[in-house]
Amino acid sequence: MILIRLGSCPPLGRGYRLQEISRLNQKMVAWQLNFGPLKEPLGFIKLLEWFASIFSFATCGGYSGKTEIIVECAKLSENKSAVAPFMYPFRLNVQLFGGIPENFCNATWKELHLTGDYSSPAQFYVSIGVFAFLYCMAALAFYLGFMHLYRDSRTFPLCDFFITVIFAVMWLVSSSAWAKGLSDIKTSTSPQNVVDHHCPSGFKCLPGQESHMGSLNISVAFGFLNLILWAGNAWFVYKETSLHSPPQQPNPEQGPGNVSP
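From a predicted model like this one, the values you see are computed outputs, not experimental measurements.

Caption draft 1: Layout of the packing of helix H2 (residues 41-61) against helix H6 (residues 214-238). At a minimum axis distance of 8 Å, the contact between H2 and H6 shows a crossing angle of 160°. One element, H2, and the other, H6, form an angle in the roughly antiparallel class. Relative to H6, H2 is oriented so that their crossing is left-handed. Residues Pro41, Leu42, Ile45, Lys46, Leu48, Glu49, Ala52, Ser53, Phe55, Ser56, Thr59 and Cys60 of H2 form the contact with H6, whose participating residues are Ser215, Leu216, Ile218, Ser219, Phe222, Gly223, Asn226, Leu229, Trp230, Asn233, Phe236 and Val237. Residues belonging to the contact of H2 with H6 are distributed by class as follows: 14 nonpolar, 8 polar and 2 charged.

Caption draft 2: Seen up close, the nonpolar core. In this structure, Ile69, Phe90, Phe97, Trp171, Trp178 and Trp230 are the most contacted members of the largest nonpolar core, which totals 51 residues. Taken together, the elements giving at least two residues each to this core come down to H2, strand E1 (64-73), strand E2 (78-87), helix H3 (119-152), helix H4 (155-188), helix H5 (191-198) and H6. For this core, the element with the most residues is H3, which contributes 11 residues. The residues touching Phe97, leaving out its near neighbours within four places in the chain, are Thr67, Ile69, Ala82, Val83, Ala84, Leu112, His113, Leu114 and Val194.

Caption draft 3: Representation of the packing of aromatic side chains in the model. Applying the stated criterion across every chain, the model contains 22 aromatic pairs. Here Phe55 and Phe222 contribute two aromatic rings whose centre-to-centre distance is 5.1 Å and whose plane-to-plane angle is 10°, an arrangement assigned as stacked. A residue pair is termed long-range when its members are at least 10 positions apart, and Phe55 in helix H2 and Phe222 in helix H6 qualify at 167 residues. Relative accessible area serves as the criterion here: at 44%, Phe55 is assigned to the partly exposed category. Each member of the aromatic cluster is reached from another via a ring pair, and the members are Tyr63, Phe86, Tyr88, Phe90, Tyr125, Trp171 and Trp178.

Reading the values: rules and limits
Residues numbered from 1 in each chain as written. Predicted model: local features only at pLDDT ≥ 70, side-chain atom pairs only at ≥ 80, totals over all residues. Heavy atoms only, no water. Axes fitted to C-alpha atoms, helices over the stretch in contact; angles between N-to-C directions. Helix = DSSP H or I, 4+ residues; strand = E, 2+ residues; numbered from the N terminus. Parallel < 35°, antiparallel > 145°, perpendicular 65-115°, else oblique. Left-handed = near helix turned anticlockwise from the far one by under 90°. Contact = heavy atoms within 4.5 Å. Nonpolar A, V, L, I, M, F, W, Y, C, P; charged D, E, K, R; others polar. Core = buried A, V, L, I, M, F, W, Y, C linked by side-chain atoms within 4.5 Å. Buried < 20%, exposed > 50% of the residue type's maximum accessible area, 1.4 Å probe, protein only. Phe/Tyr/Trp six-rings, centres within 6.5 Å; stacked < 30°, edge-to-face > 60°.

Geometry only, nothing functional implied.
Take a look at the structure:
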């Protein structure tokens, strides 16, 4: 009899567990498309973050400009322009001024470079923008298709909250670093600065045209806008977690077999 019980009980137990796992899997794969979360702050702000992250890394990563100086030759009454192009990721120290012959004005023209390497703050800023863009896409897809799981789970809102806080901190750090880097880029690429400090000896240099950096200014503005959006969104995500509304514990005095007087 003992052998019969040992041989018959495990299949029933395994069948029950498989049935529970099957029900869980069916719930996980139950895609329920619902645009309702976009009408709530939780989803609407995530959509704004998605757009803001696109503008952040696009305005920074897609920039290109140039710096120009005019080299005068009084002996030959001739002027030539030297142009140094620069672009993302702003390794200015490898950008060379071109357009001047090696032997100009009876003198030897030496290679002239821009100064400074600002690739670290620029690439860090763009990386945060790209990762924020990808996370917003994943979060929006989850909100629109699995909000029923999001609301019924304790793990998903907590993960969303901690990731949102991390992105808010990263936007603060990256935007501040990029703002400082952009200020240094403007100084290094200023034609007046090049003329005053880097004009080769034996030549007379004058400042030429300077590229506008409006898109880079916009990228910094969008960086701090992202900071505001992610910091504000952290509050709405926090309200979805058990940290804000912990689950109510059942009262042991009100058990199934107890009847309140």
